[in-house]
Amino acid sequence: MIPLIDAFKCNGCGVCVKRCPPQVIGLVSDRAAIVEMLCEECGICAEVCPIDAVIFRLPDYEPHGVHECYRATR
Amino acid sequence: MRPGEKKYPHVFSPGKLGKLETKNRIKYASTETNFNYRDGFVADKEVAYMEAQARGGAGMVTTQGAYTDPGAEGKGYVGMMGIWDDKYIPGLKKIADVIRKYDSVSVLQLMHCGRVGGVELDYTVGPSVVPQRLPRFREPREMTVEQIEQCVDEHVQGARRCIEAGFDAVEISGIVGYLLSNFISPYTNQRTDQFGGSLEGRAEFPRRIVAGIRKEVGEDYPIIIRLCGDELLHDRGGNTVDDTLEINRIICGAGVTMLSVTVGWQESPDSVISRDIPQGHWMYIAESMKKNLELPVCMAYRLFQPEQPEKAIADGTIEFWESCRAMIADPYLPTKIAEDRQEDIIPCVACNLCLARLFRDAELNCAVRPSLGHESEPEYGFYGFAEAEEKKKVVIVGAGITGMQAGAICAEKGHDVTIYEKDDHVGGQTATASNGPWGDEEFMRLVNHLKVRCEKAGAVIETNKEIDAEFLESIEADEIALATGAVPDRDQFAGGHGDNVVSCLDVMNDRVEIGKKVCIVGWKGVAISVALYLIDKGGYDVSIVGPTKKFGLDVNPSYIWRYIKKLKQSGVEQYTLHTIKEITAEGVLAEDKEKNGVTIACDTVILANMAPNKALTSKKPNVAVMGDALITRRGNGALLDGYRYGMKW
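Note that the structure is predicted; figures quoted are calculated from it, not measured.

Rules of the game
Residues numbered from 1 in each chain as written. Chains lettered and ligands numbered in written order. Predicted model: local features only at pLDDT ≥ 70, side-chain atom pairs only at ≥ 80, totals over all residues. Domains from an automatic or database assignment. Nonpolar A, V, L, I, M, F, W, Y, C, P; charged D, E, K, R; others polar. Pairing = 2+ DSSP bridges. Helix = DSSP H or I, 4+ residues; strand = E, 2+ residues; numbered from the N terminus. Axes fitted to C-alpha atoms, helices over the stretch in contact; angles between N-to-C directions. Contact = placed C-beta atoms within 7 Å. Right-handed = clockwise from strand over helix to strand, strands pointing away. Core = buried A, V, L, I, M, F, W, Y, C linked by C-beta atoms within 7 Å. Buried ≥ 20, exposed ≤ 12 C-beta atoms within 10 Å, placed from the backbone. pLDDT = per-residue confidence, 0-100.

In many analyses, interface size is given as the accessible surface area lost on bringing the parts together. All names here are of chain B. Each domain of chain B was delimited in the assignment, giving domain 1 (3–369), domain 2 (380–485 + 614–648) and domain 3 (488–611). Placing the centre of domain 1 and that of domain 2 at their C-alpha centroids yields a distance of 38 Å. Of the residues belonging to the side of domain 1 that touches domain 2, the class tally is nine nonpolar, no polar and four charged.

Turning our attention to the sheet that holds strand S26 (residues 604–607) of chain B. Residue and element names in this part refer to chain B. Taken together, five strands build an open sheet; the order of strands is S19-S26-S20-S21-S22 and the sheet is parallel. Two strands lie at the open edges of the sheet, namely strand S19 (501–503) and strand S22 (573–575), each paired on one side alone. Neighbour-to-neighbour, the strand axes of this sheet turn through a mean angle of 25°, independent of strand direction. Taken together, the four bridges between strand S20 (residues 517–521) and S26 define a ladder with parallel strand orientation. By the bridge assignment, Val-521 is partnered in S26 with Leu-607. The sheet contacts of helix H18 (residues 525–537) involve S20, strand S21 (541–545) and S26, and relative to S21 the element is tilted by about 175°.

Turning our eyes to something else, we now look at the pairing of strand S15 (residues 416–420) of chain B. Residues and elements named next belong to chain B. With five bridges joining them, strand S14 (residues 393–397) and S15 adopt parallel strand pairing. The residue bridging Lys-393 from the neighbouring strand is Asp-416, located in S15. Once the chain exits S14 it traverses helix H13 (residues 401–412) before rejoining the sheet at S15, and the crossover so formed is right-handed. Of the pairings in the sheet, the one linking S15 to strand S16 (residues 460–462) comprises three bridges and is parallel in character. Bridged to Ile-419 within S16 is Ile-461.

This part takes up unusual backbone geometry. Residue and element names in this part refer to chain B. The phi dihedral of Asn-34 falls on the positive side, at around 60°, and the residue is not glycine. Inspection of the secondary structure assignment puts Asn-34 in the loop between strand S3 (26–28) and helix H2 (44–55). A positive phi angle, near 65°, is found at Asn-352, a position not held by glycine. Checked against the element boundaries, Asn-352 lands in the loop between helix H11 (333–338) and helix H12 (353–358).

Residue and element names in this part refer to chain B. Taking strand neighbours across the sheet as the criterion, the three strands line up as S23-S24-S25 in an open arrangement whose pairing is antiparallel. Two strands close off the open sheet at either side, each with one partner strand: strand S23 (579–583) and strand S25 (597–601). Ignoring strand direction, the axes of neighbouring strands in this sheet form an average angle of 30°. For strand S24 (residues 587–591) and S25, the ladder comprises five bridges, and the chain directions are antiparallel. Within S25, the residue paired with Val-588 across the bridge is Ile-600.

Turning our eyes to something else, we now look at the nonpolar core. Residues and elements named next belong to chain B. Formed by 162 residues in total, the largest nonpolar core has its most connected members in Val-170, Ile-225, Leu-259, Ala-286, Ile-318, Val-368 and Ile-396. Considering every element that reaches this core, the biggest residue donor is H13, with seven residues. For this core, the domains that each give at least three residues are domain 1 (3–369) and domain 2 (380–485 + 614–648). Discounting chain neighbours no more than four positions away, the residues touching Ile-318 are Ala-286, Val-297, Cys-298, Met-299, Pro-309, Ala-312 and Ile-313. Within the second largest apolar cluster, 42 residues are counted, among which are Val-521, Val-545, Ile-583 and Leu-607.

Each partner contributes to the interface: chain A provides 17 residues, whereas chain B provides 20 residues. By residue class, the composition of the side of chain A that touches chain B is ten nonpolar, two polar and five charged.

What follows covers the pairing of strand S10 (residues 223–230) of chain B. Residue and element names in this part refer to chain B. Counting buried residues in S10 gives eight out of eight residues, a clear majority hidden from the surface. Here strand S9 (residues 169–174) runs beside S10; their pairing, made up of five bridges, is parallel. Residue Ile-172 lies in a different strand from S10, and its bridge partner there is Ile-225. In terms of strand pairing, S10 meets strand S11 (residues 258–263) through six bridges, oriented parallel. Residue pairing in the sheet places Arg-226 in a bridge with Ser-260 of S11. Chirality of the crossover, the property in question, places the unit of S10, helix H7 (residues 241–253) and S11 among those that are right-handed.

A few words now on the confidence of the model for chain A. Confidence along chain A averages 84 in pLDDT terms, with 82% of residues attaining 70 or more. In this model residues 65–74 of chain A is a low-confidence stretch, pLDDT under 50, and it forms one contact with partners more than four residues away in sequence or in other chains.

The structure is reproduced here in C-alpha cells:
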C-alpha cells in the first residue's frame, strides 16, 4: 500500500520530505510527491503530516464491482 | 520419504491434537497482517497469504486473531478480522477451506487485545486502570462485571462461529498484553472482586472463557490457548514464574487441549525475540510447562532452524514447533526442510520490520521477502517467476544483497546474468555487518541464501573483479545495473582524508589498525553498529559524534532502545547535537548547540557517514542504479530495490 498525497490539501510544508526514512519524498509544484518505486510503505509520512494530507489507510469495505453511475437511470 | 524427513524424523512425524492428526509437527503461528478490510471482513489478500502458508507444507496453520466484540474494543490492529457476527462466517470459511485444501489442520484464533486494543477508539479496556507505558496505546477503562461476563459470552459465540466456518480447532490468545494476560497479571489486574485479588481470582476470567468454549464445542473439539510462561514484568509487579505456572494450571484444567507458551509482554524491559537472544533460548520455559502441566505444549520464539525443535520434540518437551516470523519470511520453510534444501529458505533475520509496520497501522512487510502480501500476483513471483519472453543479457556491478537479489530474479526469468564483485567474497555491507556482535552473524544466512539462489538460477558471480569506468563503457549488455553500495563520505568534512581517519567498513572487516581512543563520526545505525562491534571486542575508549538529537533514528524501534542501553552501559560518550567542523590530527572539532567549540580528542577517527558510492557512473541509457548506490537506506530498502529491478525485465 503506497501512500497517496492529497494534492488538493497538501500545503507543501515539507515535514514528510524531512521525515521519510528512505528519503523518497520531494516537492513538485509545492506539493509533496512520492517516488513510488522506492517507497517502503512504512507510513511515516502519514503519521507526521500535520494536516492529514497523506492518505494511508486500508479500504473500509470490499469495493463493489458495479459503480453507481451504471445503475443510475437518466 | 524425502531426505529432510530422515534428517529431522521427529519434526516430520505425524502429530496429534486431541483426536486430530497432523501430517507433521510444524504449526504456523498466528500473525496479524493488516490485510483485511477495516470493517472486519476477510480480504482476498489475506486468503492468498493463508493459502501460501498452507501450501508451504505446515501441518497446522493458524489464522490471525479475530476480535470478538461488536464495539471493536478488542480490535488491536486496523486490518484485523472480526468474528462478532454471523456475517463474517463466509469470509472466514474461505480461509478454512483453503487451509484444508492443502491437507493442513486449520486453527482459528480468537483475540481480544485488551490493554493494547481499541485501535479505532480513544480508549482501551482492561481489568483495572493502569496507565500505559508505551506511547502508542490509549488509556484503559475498568471493565464492569457485566462487561466481563458479556466478553466471556462473546468468546464462546466466536468459538461457535469458528466451527460453523469449518475450522478444525480454536485458539485463544492471552499473551503480550492482550485482555486475558491483563487479567492474569497483578501488574494490570488490581481488582478485588471475583476476577482479581488471589491467584484463582486472576485466573477466573480466562478459566471461564475456556470452560464456556468447552461447553459450547463439545468434548472432542481441540482448544489451544496461548499463555505467557514468564511475563518478564518483574520490575513492575508482574507474576512470578511460579505464580504463572499455577495460573496456567487452573486455566488449562478447564478443558484446554494444547498450550502454546510464550514469553514476555510488549512492555517487558528485556529482549525476547531480537537477535541478541540465542536461538532456542526460551526452551526451558516450555520444558517447565510440559513437566508441570502434563499437557501438550508448543512454542515459537527464536526457533528459526529445525535442529532445536527436532531435539525438543524428540525429548518430548514440545509437541509442535510453532513458527511465525520464520514463516512470514518463507512460508515454504516446511517443504524446504523436508526436501533437505535449507539453503533455499529465505531466512528471517529477526529485523522486526513486520512488527514496526503493524504498529504504524501499515500492512505487514517483510525485509527479506518483498512478495509478502502479493502471493496472488504472478509478477511478484512468489510461486516462481514466469519465463521472460525476450531474453536479455544483464550485467550487475556489485554482489551485495541488492545485486544478488536482482541477479537471482533475472536469472530465474531466464536472462543471462553476470554479477561482478570487486571483493573476494559476496555480501557487501551485509557481510560486513555480520561481523557485529549479539547475533548479527545471522545476516550471513541471508547472504548465503542469495548466493545459492543466484547459483541455482544460473547467474554467474565473478569475484575479485573490480570494474572501472572504461570497462563499464565497453560492456556489451542489454541492461546494466550498478549496485555498488555505500561508502563513508570522506569529503563531507575538512580533514576527512587524514592519516588518522579510517572507514567504518575497514574497521568492521578488521582491515586497519586503530588506536585505543576512537571517535565515530556518524549518527545512523551504522555508527551504532561500529560502536557495538568495538565494545564487544573490548579495550577501546569509544565516542560517537553527530548533529542529530538522537542517534540511530533509522534503526527499528524494537532494537534501538537496547542498543542505546548497551552504549550507555559500556560508557560510550554520545555527542548528540554536535555539528562536525573539522577533523585534525588531534581528533574531531565540533560545535555544540550553543555554538561552543568542542574538541573530541582521539587516536583514530572512524567515519560512518555513509553516502552512495559514486565511484562508478555512466550516461549510457541502459544503466540503472539501485540499492545504497542510489540512496543509503536500511537492508529492507536494498532488497526491495533488487526485487523491483528483477521484476522489471
